[in-house]
Amino acid sequence: MDDLVAVLEKHGNLDRFGLCLLHHHFPVAADEILVETHDLAARTLHVQVEKAATTEHTRPSQWRFVKTAGGDGGEAAVSHAYQVILQCSPVSGCPGSANGRP
């Protein structure tokens, strides 16, 4: 954790990024994505499933790291990449939007 904090601090992102427990309450298909919307007046957050290809929620807000195999045909090397698992809309108060918090 200390190493992660040091990297975030080095890049001025301690108040922007954190950690969350990756878990799921129901299955999400490969062609679907979770999307979040906010009601700022009611101070509520709503998450629902939408088709990834047709969602209008365009700002990623949660990622997970995934292992990917790579290499030069010999022994497969393992690298780490990421996958977006939750998106939001700047219109709904997504962090970094005009009506959301940074």
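Summary of the structure given here.

So, on to the overall build of the chain. On a plain count of helices and strands, the chain comes out with one helix and four strands. Expressed as a percentage of its 102 residues, the buried residues of the chain come to 18%. In the chain, once contacts between residues fewer than 6 apart in sequence are set aside, the share between residues at least 24 apart is 37%. Accessible surface for the chain amounts to roughly 8,200 Å². Of this, 56% is attributable to carbon and sulfur atoms.

All right, on to the environment of H23 then. Tracing the backbone through its elements, the reader meets H23 in the loop between α1 (2–10) and β1 (32–39). With relative accessibility at 52%, the residue H23 sits in the exposed group. Reaching out from H23, the side chain makes a polar contact with the backbone oxygen of L21 at a distance of 3.0 Å. Polar side-chain contacts of H23 include one of 3.2 Å to the side chain of H25.

Another aspect to go through is the pattern of salt bridges. In the structure shown here, the tally under the stated rule is two salt bridges. Here K51 makes a salt bridge to D31, at a shortest N to O gap of 2.9 Å. Taken together, the residues span a long stretch of sequence, with K51 in strand β2 (residues 44–51) and D31 in the loop between α1 and β1 at a distance of 20 residues. Residue classification places K51 among the partly exposed residues on the basis of a relative accessible area of 41%.

A word on unusual backbone geometry. In this model, R43 sits at a positive phi of 55°, which is unusual for a non-glycine residue. Looking at where R43 falls in the secondary structure, it is placed in the loop between β1 and β2.

Put simply, the second largest pocket is a space of about 610 Å³. Around the second largest pocket, the lining comprises 21 residues; the ones closest to its centre are H23, H24, V28, L34 and I85. At the level of elements, β1, β3 (59–70) and β4 (77–88) are the ones that each hand at least two residues to the lining of the second largest pocket. Broken down by element, the lining of the second largest pocket gets its largest block of residues, four residues, from β4. The residue makeup of the lining of the second largest pocket, split by class, is 14 nonpolar, five polar and two charged.

It is worth spelling out the pairing of β1 at this point. Sheet analysis places β1 next to β2, joined by eight bridges and oriented antiparallel. Note on β2: the bridge partner recorded for T37 is H46. Count of turn residues in the β1/β2 antiparallel hairpin: four residues, of which R43 carries a positive phi of about 55°.

About the thresholds
- Residues numbered from 1 in each chain as written.
- Predicted model: local features only at pLDDT ≥ 70, side-chain atom pairs only at ≥ 80, totals over all residues.
- Heavy atoms only, no water.
- Helix = DSSP H or I, 4+ residues; strand = E, 2+ residues; numbered from the N terminus.
- Buried < 20%, exposed > 50% of the residue type's maximum accessible area, 1.4 Å probe, protein only.
- Contact = heavy atoms within 4.5 Å.
- Areas by Shrake-Rupley, 256 points an atom, 1.4 Å probe, with all protein chains shown as cover.
- Polar contact = N/O pair within 3.5 Å; in protein donor to acceptor, adjacent residues only side chain to side chain.
- Salt bridge = Lys/Arg side-chain N within 4 Å of Asp/Glu carboxyl O.
- 1 Å grid on protein atoms, 1.4 Å probe; cavity = no way out; pocket = protein on both sides within 12 Å on 5 of 7 lines; lining within 4 Å.
- Points joined across faces, edges and corners; volume = space filled by probe spheres on them.
- Nonpolar A, V, L, I, M, F, W, Y, C, P; charged D, E, K, R; others polar.
- Pairing = 2+ DSSP bridges.

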